[in-house]
Amino acid sequence: MMSPKTSFWHQENPWKDQLIYVPIEELAECHMAIGRTLAIMNDKPILYDVAHCLDHWGEYGSMLDAYILTGAMFTAGVRFGPEGPDYLSPGFSLPKLTALLRKHQSQGRKSA
């Protein structure tokens, strides 16, 4: 697969041969909660957005690898440490995730 541009945990990632690294901001745009109501304040909805998503993921540290797993299971995640369970795998919008994968696969072919 595509080699990481900026990866902190590539060697420790058990799926390193089945993933494509993507910018974390672009992966956050695929989160299934984007656009949903997070809370109501002063009778106005506060929507979950990319900034909320990045803030949440940032609670796990600043060394974050965002990736799409392309093996037997099509999903994505954010690795925040070297241990096996040191990753987040929230729900993603499948159409958005598929589009992001296609974008980065085509960029990988252009740069190869």
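No experiment lies behind these values; they were computed from the predicted model shown.

Glancing now at the side chain of threonine 75. With respect to the element layout, threonine 75 can be found in strand S5 (residues 75-79). In contact with threonine 75, not counting residues within four places along its chain, are Ile68, Leu69, Ser89 and Leu97.

Time to look at the sheet that holds S5. As summarised here, the arrangement of the four strands in space is S1-S4-S5-S6, forming an open sheet in which the pairing is antiparallel. On the outer flanks of this sheet lie strand S1 (19-21) and strand S6 (87-88), each paired with one strand and no other. Alignment of strand S4 (residues 65-69) against S5, held across five bridges, turns out to be antiparallel. Bridging across to S5, aspartate 65 finds its partner in arginine 79.

This part is about the confidence of the model for the chain. With 89% of its residues at a pLDDT of 70 or more, the chain has an overall mean of 88. Between the elements of the chain, mean pLDDT differs from a low of 82, seen in helix H3 (residues 94-111), to a high of 96, seen in helix H1 (residues 24-28).

Before going further, it helps to examine the nonpolar core. Counting 20 residues, the largest nonpolar core has Val22, Leu27, Trp57, Ile68, Val78 and Phe92 as its most contacted members. For this core, the secondary-structure elements that each account for two or more residues are H1, helix H2 (50-58), S4, S5 and H3. The contacts of isoleucine 68, once residues within four sequence positions are left out, are Gln18, Leu19, Ile20, Val22, Phe74, Thr75, Ala76, Leu97, Leu100 and Leu101.

For asparagine 42, which is not a glycine, the phi torsion comes out positive at approximately 55 degrees. Positive phi, normally seen in glycine, also occurs at aspartate 43, with a value near 65 degrees. Within the secondary structure, aspartate 43 sits in the loop between strand S2 (37-41) and strand S3 (44-47). On the basis of relative accessible area, aspartate 43 is assigned to the exposed category, the value being 75%.

This paragraph deals with the side chain of histidine 104. Within the secondary structure, histidine 104 is located in helix H3. Side chain to side chain, histidine 104 and glutamate 26 meet in a polar contact 2.8 Å long.

Tracing the sequence through the fold places alanine 72 in the loop between S4 and S5. With relative accessibility at 91%, the residue alanine 72 sits in the exposed group. Considering only alpha carbons, one finds alanine 72 and glutamine 18, 54 residues apart in sequence, at a separation of 8.8 Å.

This part is about the pattern of salt bridges. Between side chains of opposite charge, a pair can form when the charged atoms approach closely. Within this structure, the stated rule accounts for one salt bridge. A salt bridge links lysine 103 to glutamate 26; the shortest N-O distance between them is 3.1 Å. Of this pair, lysine 103 sits in helix H3 while glutamate 26 sits in helix H1, placing them 77 residues apart in sequence. Overall, lysine 103 belongs to the partly exposed group, its relative accessible area being 37%.

Each value, and the rule that gives it
- Every chain is numbered independently, its residues counted from 1 as its sequence is written.
- Residue-level local features of this predicted model are given only where pLDDT is at least 70; pairs of side-chain atoms are given and counted only at 80 or more, and the full residue set underlies all totals for whole chains, interfaces and linings.
- Hydrogens are left out, water is left out, and the side-chain values use all remaining heavy atoms of the structure.
- Each helix is a run of H or I in the DSSP string that is no shorter than four residues. Each strand is a run of E no shorter than two, and both are numbered from the N terminus.
- The contact definition used throughout considers only heavy atoms, calling two residues in contact when any of these lie within 4.5 Å.
- Whether two strands pair comes down to DSSP finding at least two bridges between them.
- The pLDDT score gives, residue by residue, the confidence of the prediction method on a 0 to 100 scale.
- In plain words, nonpolar cores are sets of buried Ala, Val, Leu, Ile, Met, Phe, Trp, Tyr and Cys residues tied together by side-chain atoms within 4.5 Å.
- Classification of residues uses two cut-offs on accessible area relative to the type maximum, computed with a 1.4 Å probe and protein chains only: under 20% is buried, over 50% is exposed, and between them is partly exposed.
- Distance and chemistry together define a polar contact, namely a pair of N or O atoms within 3.5 Å, with one atom able to donate a hydrogen and the other to accept it when in protein, and with adjacent residues in sequence counting only for side-chain atoms on both sides.
- Salt bridges are identified by distance alone: a Lys or Arg side-chain nitrogen within 4 Å of an Asp or Glu carboxyl oxygen.

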